[in-house]
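Working through the structure, step by step
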Amino acid sequence: GALKGKTVHQKGSPVTGRIESIPPSILTKYSSVVLAIDIMFVNKIPFLITVSIGLKFGTVEVIKNRRVSTIVAQLTRVIQTYHRRGFRVATIKADPEFDPVSESFQGVSFNLCGQNEHVPEIERYIRTGKDRTRSAYNSLPFQRIPRLMIIRMIGNSVFWLNAFPPNNGGTGGLSPRYLLTGQQLDYTKHVRLEFGAFAQTHEEHTNDMRARTVGALCLGPTGNEQGGHYFKSLT
């Protein structure tokens, strides 16, 4: 009752916008990035998932279909993420179904595996991501989970995979997320709520008797500097 009746708008944390640079040794070592990609399905929802070999930076994005134009648009955004930090995607390892996609990327070499073969790096990454998502899925006290929550659950798993230095990566103890964004995570901001936790979120209000907060479920951190989280309203 106190939350719904007394909550007032609070100023957010100041944003410095500081982007830290990549150590020259790592930028030199991984100047040419090898990217492994594939289509992953979770509860029949398709995702384009990628991971860079060595850097171990992963991305995952839900896609509305498997058309060439859709894959090209999403893959272009992934490649641009590397280019903005000074890396160059030189090679992409993929299944034969990505052969039509390769024609849209000049200067990028596509190494396609044979029929009935798979790219081991992305297959292992998919397994890890699905294992973590399955763990979160079965820890929630719900009988049915909507599509939006499943999509964010996958994104949350990859977010935290990127948040810690890989055991078998040559990143000098730096996390993949730090290398590709230049920003560090802050425990006090980004680990306030776990996925699926119930929370009260502040909404625009007047001085009438309507509640100033609404019940919502946390869908994980956004990763922005001020420590925002995704929420799904229960109203």
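Residues numbered from 1 in each chain as written. Predicted model: local features only at pLDDT ≥ 70, side-chain atom pairs only at ≥ 80, totals over all residues. Heavy atoms only, no water.

A word on the overall build of the chain
Put simply, the rule reads: Only DSSP runs of H or I covering at least 4 residues are called helices, and only runs of E covering at least 2 are called strands; the numbering of each starts at the N terminus. Throughout, exposure labels follow a simple rule: accessible area from a 1.4 Å probe, protein chains only, divided by the maximum for the residue type, with under 20% read as buried, over 50% as exposed, and the rest as partly exposed. We call two residues in contact whenever any of their non-hydrogen atoms come within 4.5 Å of each other. Working definition of accessibility: Shrake-Rupley area with a 1.4 Å probe, residue cover restricted to the visible protein chains. Only four residue types enter the charge count: Lys and Arg as positive, Asp and Glu as negative, with His and the chain ends excluded. Charge positions are represented by NZ for Lys, CZ for Arg, CG for Asp and CD for Glu.
Helix and strand counts for the chain stand at 8 helices and 8 strands. Structurally, the chain occupies a C-alpha span of about 65 × 40 × 30 Å along its principal axes. Counting all 235 residues of the chain, 44% fall into the buried class. Residue pairs in contact within the chain that sit at least 24 positions apart in sequence constitute 59% of those at least 6 positions apart. Carbon together with sulfur atoms contributes 51% to the accessible area of the chain, which is approximately 13500 Å² in total. In the chain, which carries 29 positive and 17 negative side-chain charges, the distance between the mean positions of the two groups comes to 6 Å.

So, the environment of aspartate 95
Relative to the helices and strands, aspartate 95 is located in the loop between strand S4 (88-94) and helix H4 (99-102). Residues aspartate 95 and serine 31 lie 64 residues apart in sequence; the distance between their C-alpha atoms is 24 Å.

Regarding the sheet that holds strand S5 (residues 109-112)
Worth spelling out the cut-off: In this scheme, strands are said to pair when DSSP sees at least two bridges between them. To obtain each axis, a line is fitted to C-alpha atoms, and for helices this fit is confined to the stretch in contact; angles are then taken between N-to-C directions over 0 to 180 degrees.
An order of S3-S2-S1-S4-S5 is seen for the 5 strands of this open sheet, with the pairing classed as mixed. Of all the strands in the sheet, the pair left with one neighbour each is strand S3 (58-62) and S5. Ignoring strand direction, the axes of neighbouring strands in this sheet form an average angle of 25°. Sheet strands touched by helix H5 (residues 120-139): strand S1 (32-42), strand S2 (45-52), S3 and S4. Its angle to S1, the strand with the most contacts, is close to 50°. In the packing of helix H6 (residues 147-162) onto the sheet, contacts are made with S1, S2 and S3, and the angle to S3 comes to roughly 170°.

Structural notes on the side chain of threonine 201
You can see threonine 201 is positioned in strand S6 (residues 198-202). When sequence neighbours within four positions are dropped, the list of residues in contact with threonine 201 reads Arg212, Thr213, Val214, Ala216 and Phe231.

As for the side chain of asparagine 65
To keep it simple, the criterion reads: Polar contacts, as counted here, are pairs of nitrogen or oxygen atoms within 3.5 Å of one another; within protein the pair requires one atom able to donate a hydrogen and one able to accept it, and residues that are adjacent in sequence qualify only if both atoms are side-chain atoms.
Here asparagine 65 lies in the loop between S3 and helix H3 (68-84). At a separation of 3.1 Å, a polar atom in the side chain of asparagine 65 contacts the main-chain amide nitrogen of arginine 67. If we skip the residues at most four places from it in the chain, asparagine 65 touches Thr70 and Ile71.

What to know about the packing of aromatic side chains
For any pair of aromatic rings, the description consists of the separation of the ring centres together with the inter-plane angle of the planes. So the rule is basically this: Working definition: rings of Phe, Tyr and Trp (its six-membered ring) pair if their centres are within 6.5 Å, and the pair is stacked with planes under 30 degrees apart, edge-to-face with planes over 60 apart, and tilted otherwise.
In total, this model carries 4 aromatic pairs according to the counting rule given. Each ring, one from phenylalanine 105 and one from phenylalanine 110, has its centre 6.1 Å from the other, and the planes form 35°; the classification is tilted. We note that phenylalanine 105, like phenylalanine 110, is buried. Ring geometry for phenylalanine 159 and tryptophan 160: centres 5.0 Å apart, planes at 85°, overall edge-to-face. Overall, tryptophan 160 belongs to the partly exposed group, its relative accessible area being 21%. An aromatic cluster of at least three residues, connected via ring pairs, comprises Phe159, Trp160 and Phe164.

Brief notes about the packing of H5 against H6
Note the following rule: Should an angle lie under 35 degrees it is considered roughly parallel, over 145 roughly antiparallel, and from 65 to 115 roughly perpendicular; all remaining angles are considered oblique. Take the far helix as your reference; a near helix turned counterclockwise from it by less than a right angle gives a left-handed crossing, and one turned clockwise gives a right-handed crossing. Asp, Glu, Lys and Arg are counted as charged, while Ala, Val, Leu, Ile, Met, Phe, Trp, Tyr, Cys and Pro are counted as nonpolar; the rest, among them Gly, fall into the polar class.
Viewed as axis vectors pointing N to C, H5 and H6 meet at an angle of 120°, and their least axial separation amounts to 9 Å. Taken as axis vectors, H5 and H6 run oblique relative to one another. In this structure, H5 crosses over H6, and the sense of that crossing is right-handed. Contact residues: Tyr125, Thr128, Gly129, Arg132, Thr133, Ala136 and Tyr137 in H5; Ile150, Met153, Ile154, Ser157, Val158, Trp160, Leu161 and Asn162 in H6. Here the contact of H5 with H6 is composed, by residue class, of 9 nonpolar, 5 polar and 1 charged.

Regarding H5
Given 3.6 residues per turn, any residue in an α-helix points the same way as the ones three and four places further on. Quick note on the threshold: Take the number of residues in a helix, subtract one, and multiply by 1.5 Å to get its expected span. As used here, the arc belongs to the directions running from the helix axis to the C-beta atoms.
Taking 1.5 Å per residue as the helical rise, H5 with its 20 residues ought to reach 28 Å, and the 29 Å between its terminal C-alpha atoms agrees with that figure. Where H5 is concerned, the buried positions are Ile122, Tyr125, Ile126, Gly129 and Thr133. An end-on view of H5 places all buried positions within 100° of arc, on one side of the element. Facing away from the buried side of H5, by more than 90 degrees, are the exposed residues Pro120, Arg127, Ser135, Asn138 and Ser139. Looking at the buried residues of H5, the elements they touch are S1, S2, S3 and H6.

Observations regarding the nonpolar core
Nonpolar side chains in soluble globular proteins generally cluster together in the buried interior. We count it as follows: To form a nonpolar core, buried Ala, Val, Leu, Ile, Met, Phe, Trp, Tyr and Cys residues must be joined to one another through side-chain atoms within 4.5 Å.
Core analysis: the biggest nonpolar cluster contains 29 residues, and Leu55, Leu75, Tyr82 and Ile92 have the highest contact counts within it. Going through the elements one at a time, S1, H3, S4 and helix H7 (176-181) are the ones with two or more residues in this core. If you tally residues by element for this core, the top one is H3, at 6 residues. Those residues in contact with tyrosine 82 that sit more than four places away from it in its chain are Val33, Leu35, Ser52, Leu55, Phe57, Phe87, Val89 and Leu180.

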